[in-house]
Amino acid sequence: MSQNDLHYVRTEMALPQPAPLRERGPVAWIRKNLFANPFDSVLTIIGMIIVIMILPPLVDWALVQAQWTGTDRTFCSTVAQGGIQPEGWSGACWAFVNAKFGQFMFGRYPIEERWRVILVAIMFVALLVPLLIPRVPRKGLNAFLFLVVFPIVAAFLLIGGFFGLPHVETPLWGGLLVTLTLSYVGIVVSLPLGILLALGRRSKMPVVKMLSVIFIETVRGVPLITVLFMASVMLPLFLPAGVSFDKFLRALIGVSLFASAYMAEVVRGGLQAIPKGQYEGADSLGLSYWQKTGLIILPQALKLVIPGIVNTFIGLFKDTSLVYIISMFDLLGVVRQNFSDPAWASPQTPASGLVFAALVFWMFCFGMSRYSIYMEHRLDTGHKR
């Protein structure tokens, strides 16, 4: 009696098969992300209608009809307005941006000394980029150079008065130089100070907790304009006669303290999200308060609130425009100041300058946002799907 050799288990691996056509390719992506259900389809159609209504006129104004070169307002004005453009012309005046680009970047910083600002910018990028790339080694040395050495060297270069460099007063600073300086100092100061304030607010020592709460709630209870006005106008009234310090330094202090109060509440939210077992586990190992906080609690808390921290940084970067209230001119302030230049007075000049400023702000804010998303995913080791 013969026996049949039956096998119910595959003896070799099945060859991989491509996904069905309806599940791959651009058509599948469109169906999944734009037309997954009737509601998504309606929203997609509405969005496409809005884009069709806005995008072509915007492209026509910003690129097609735009005036890219020119030496004065006549290149961005119609014949009836004293210019060379035909009647009914409407386009961006990028010639104005090109002519004023130096002021938008440096303000009234002396032209022959602007190499110092460019050198500081190169140093800033050269130290920041390796710090942001996780695979680059020697992060401790890099952070020390970026956070400690670089500010000192940058201050010597930008202000001058040493080693044969001419002194450049801060009232001559302006444009993107002021925006980035305020943002850099505010971010570097607000994060560690905010962490200390958050720890102080959660402290069991009544005096420390009370002082932290008073500072945080006082600063958060007033707008930034008030803080800048107090630092610029009211603070000198409380100083002894003949004692004063630079207005730009006062703005730096005001912006940094204001941002640190908001940062403290963001960090406190992360501290409160840490389970009690983490504290008990650290205590069971015999760790001191600072060891427990620095090695166990803070790393987890800061990882949880990365979106909130970066959101505060972005808000700080945009709020630097408020220094206009104390007669300091950041990028937006310099752009608005140049609207009054009679050599470039035209109907298209204000819109072109504001669009340029908006693009610059958007690039920096979008970059910070995307990097925070990258770091959030990279550090999300405890919730892998």
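Residues numbered from 1 in each chain as written. Predicted model: local features only at pLDDT ≥ 70, side-chain atom pairs only at ≥ 80, totals over all residues. Heavy atoms only, no water.

1. Some details on the overall build of the protein
Check the secondary structure of the protein and you find 15 helices and 0 strands. Here the protein has a C-alpha radius of gyration of 28 Å; the compact-globule value for 385 residues is 21 Å, and the former is much larger. Considered along the principal axes of its C-alpha atoms, the protein spans approximately 110 × 70 × 45 Å. For the protein, the accessible area works out to roughly 23600 Å², and carbon and sulfur atoms hold 69% of it. Here the protein carries 30 positive and 20 negative side-chain charges, and the mean point of each set is 7 Å from the other. (Helix = DSSP H or I, 4+ residues; strand = E, 2+ residues; numbered from the N terminus. Rg over C-alpha atoms; globule rule 2.2 N^0.38 Å. Areas by Shrake-Rupley, 256 points an atom, 1.4 Å probe, with all protein chains shown as cover. Lys, Arg positive; Asp, Glu negative; His and termini not counted. Charge placed at Lys NZ, Arg CZ, Asp CG, Glu CD.)

2. Observations regarding the pattern of salt bridges
Pairing is possible between side chains of opposite charge, provided their charged atoms come close. Throughout the structure, instances matching the rule amount to 8 salt bridges. With a closest N to O distance of 2.8 Å, Glu113 and Arg116 form a salt bridge. The class of Arg116 is buried, set by a relative accessible area of 0%. Residue Arg201 is joined to Glu265 by a salt bridge in which the shortest nitrogen-to-oxygen separation is 3.0 Å. Note that Arg201 is positioned in helix α7 (residues 176-201) and Glu265 in helix α10 (residues 247-273), a separation of 64 residues in sequence. Like Glu265, Arg201 is buried. Taken together, the shared-partner salt bridges in this structure form one network comprising Arg201, Glu217, Arg220, Glu265 and Arg268. (Salt bridge = Lys/Arg side-chain N within 4 Å of Asp/Glu carboxyl O. Buried < 20%, exposed > 50% of the residue type's maximum accessible area, 1.4 Å probe, protein only.)

3. Concerning the UniProt feature "domain: ABC transmembrane type-1" (unreviewed entry) in the protein
Under the present numbering, the feature "domain: ABC transmembrane type-1" (unreviewed entry) in UniProt falls on residues 176-367. Secondary structure within residues 176-367 divides into 75% helix and 0% strand; the distance between the first and last C-alpha atoms comes to 16 Å. (UniProt positions renumbered as here; feature names shortened; annotations may be inferred.)

4. What about the packing of α10 against helix α12 (residues 289-304)?
Where α10 meets α12, the closest approach of the two axes is 8 Å, and the angle between their N-to-C directions is 115°. Crossing handedness for the pair α10 and α12: right-handed. Contact residues: α10 offers Val267, Gly270, Leu271 and Ala273, while α12 offers Ile297, Leu298, Ala301, Leu302 and Leu304. (Axes fitted to C-alpha atoms, helices over the stretch in contact; angles between N-to-C directions. Left-handed = near helix turned anticlockwise from the far one by under 90°. Contact = heavy atoms within 4.5 Å.)

5. Concerning the environment of Leu235
Mapped onto the fold, Leu235 is located in the loop between α9 (224-234) and α10. Taking the C-alpha atoms as reference, Leu235 lies 8.8 Å from Arg250; in sequence the two are 15 residues apart. When near neighbours in sequence (up to four residues on either side) are disregarded, Leu235 contacts Met230, Phe245 and Arg250.

6. Here's the deal with α7
Helix length check: α7, at 26 residues, gives a terminal C-alpha distance of 36 Å against a target of 38 Å (1.5 Å per residue), a fit within 8%. In the structure, α7 departs most strongly from a straight axis at Ser190, where the bend amounts to approximately 30° and where the proline Pro192 lies between one and four residues downstream. (Expected span 1.5 Å × (residues − 1). Bend = angle between axes of the 7 residues up to and from the residue.)

7. Details of the domain arrangement of the protein
A common way to express how large an interface is: the accessible area buried when the components associate. Parsing the protein into structural domains produces domain 1 (21-64), domain 2 (102-109 + 168-379) and domain 3 (115-165). One C-alpha centre belongs to domain 1, the other to domain 3, and the line joining them spans 44 Å. (Domains from an automatic or database assignment.)

8. Some remarks on unusual backbone geometry
A positive phi is found at Arg138, a non-glycine position, where the angle reads about 60°. Note that Arg138 resides in the loop between α5 (114-132) and α6 (139-159). Here the phi dihedral of Ser327 falls at roughly 65°; this positive angle occurs in a residue that is not glycine. You can see Ser327 is positioned in the loop between α13 (306-319) and α14 (331-337).

9. Describing the state of the cysteines
This structure, assessed with the given rule, holds 1 disulfide. One disulfide in the model links Cys76 with Cys93; its S-S distance is 1.9 Å. Every disulfide takes its handedness from the sign of the S-S torsion; for Cys76 and Cys93 that torsion is 75°, giving right-handed. Highlighted residues: Cys76 in the loop between α2 (38-64) and α3 (94-99) and Cys93 in the loop between α2 and α3, separated in sequence by 17 residues. Note on Cys93: relative accessible area 0%, which makes it buried. (Disulfide = S-S within 2.5 Å.)

10. A few points about the side chain of Gln85
Along the chain, the position of Gln85 falls in the loop between α2 and α3. Apart from residues no more than four positions distant in its own chain, Gln85 is found in contact with Gln67, Thr74, Phe75, Ser77, Thr78 and Val79.

11. Thoughts on the packing of aromatic side chains
Within a pair of aromatic rings, the relevant descriptors are the distance that separates the centres and the angle that separates the planes. Summed over all chains, the structure comprises 23 aromatic pairs. Ring geometry for Phe124 and Phe150: centres 5.9 Å apart, planes at 45°, overall tilted. Placement of the pair is Phe124 in helix α5 and Phe150 in helix α6, with a sequence separation of 26 residues. Look at Phe124 and you get partly exposed, because its relative accessible area is 27%. Note on Phe150: relative accessible area 5%, which makes it buried. Put simply, the rings of Phe96, Phe101, Phe104, Phe339, Trp344 and Phe356 pair up and form one aromatic cluster. In this structure, Arg220 is placed above the aromatic ring of Tyr262, and the distance from its NZ or CZ to the ring centre is 5.8 Å. Directly above the aromatic system of Tyr324 lies the positively charged group of Arg336, at a separation of 4.4 Å from the ring centroid. (Phe/Tyr/Trp six-rings, centres within 6.5 Å; stacked < 30°, edge-to-face > 60°. Lys NZ or Arg CZ within 6 Å of the ring centre and 35° of its normal.)

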